[in-house]
Amino acid sequence: MARILNIVYFAWVKERLGKGHEAMEIPSDLDTISDLVELLSKQAPEYKSVFADLTKLRFALDQEFTSIDASINSAEELAIFPPVTGG
């Protein structure tokens, strides 16, 4: 059974995708952030470009930093953003 995951984009990720968020229906066989990134990368060239170098991105599930291999099974929100730098 598919479910909805809210995906929030920040900084240059948001700019390149042309949107700050989207609600996506997640197939039941999709388990990790990595699986989701692979699916998103196939949607359009701008997604492929954003996810071309995953070392430039950070991820948070339900506002908790996590790795790309984390399970998204019970999550309601995924945030994707570049590393934060101080000034």
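Residues numbered from 1 in each chain as written. Predicted model: local features only at pLDDT ≥ 70, side-chain atom pairs only at ≥ 80, totals over all residues. Heavy atoms only, no water.

Outline the overall build of the protein chain, supporting the account with residue identities and numerical values.
On a plain count of helices and strands, the protein chain comes out with 3 helices and 5 strands. When the helices and strands of the protein chain are listed from N to C terminus, the series reads β-α-β-α-α-β-β-β. Computed over its C-alpha atoms, the radius of gyration of the protein chain comes to 12 Å, within 12% of the 12 Å expected for a compact globule of 87 residues. Principal axes of the C-alpha set define a box for the protein chain whose edges measure 45 × 30 × 20 Å. Long-range contacts, defined here as pairs at least 24 residues apart, represent 53% of the contacts in the protein chain between residues at least 6 apart. Surface accessibility of the protein chain: about 5,400 Å² in total, with carbon and sulfur atoms responsible for 51%. (Helix = DSSP H or I, 4+ residues; strand = E, 2+ residues; numbered from the N terminus. Rg over C-alpha atoms; globule rule 2.2 N^0.38 Å. Contact = heavy atoms within 4.5 Å. Areas by Shrake-Rupley, 256 points an atom, 1.4 Å probe, with all protein chains shown as cover.)

Pulling in residues and values, what's your account of the sheet that holds strand β1 (residues 3-9)?
Strand order in the open sheet formed by 5 strands is β2-β1-β5-β3-β4, and the pairing between neighbours is mixed. The strands lining the two open edges of the sheet, one partner per strand, are β2 (21-26) and β4 (64-66). On average, adjacent strands in this sheet sit at an angle of 30° to one another, irrespective of strand direction. Of the pairings in the sheet, the one linking β1 to strand β5 (residues 77-81) comprises 4 bridges and is parallel in character. Along β5, the bridge assignment pairs N6 with E77. Helix α2 (residues 33-41) contacts β1, β2, β3 (58-61), β4 and β5 of the sheet and is inclined by roughly 105° relative to β2. (Pairing = 2+ DSSP bridges. Axes fitted to C-alpha atoms, helices over the stretch in contact; angles between N-to-C directions.)

Outline the packing of aromatic side chains, listing residues and values.
Under the criterion given, the structure shown has 2 aromatic pairs. Seen in terms of ring centroids, F65 and F81 are 5.7 Å apart; in terms of plane orientation they differ by 70°. Their pairing is edge-to-face. One end of the pair, F65, is in strand β4; the other, F81, is in strand β5, and 16 residues separate them in sequence. You can call F65 exposed: its relative accessible area is 66%. One aromatic cluster in this structure is built from F10, F65 and F81. (Phe/Tyr/Trp six-rings, centres within 6.5 Å; stacked < 30°, edge-to-face > 60°. Buried < 20%, exposed > 50% of the residue type's maximum accessible area, 1.4 Å probe, protein only.)

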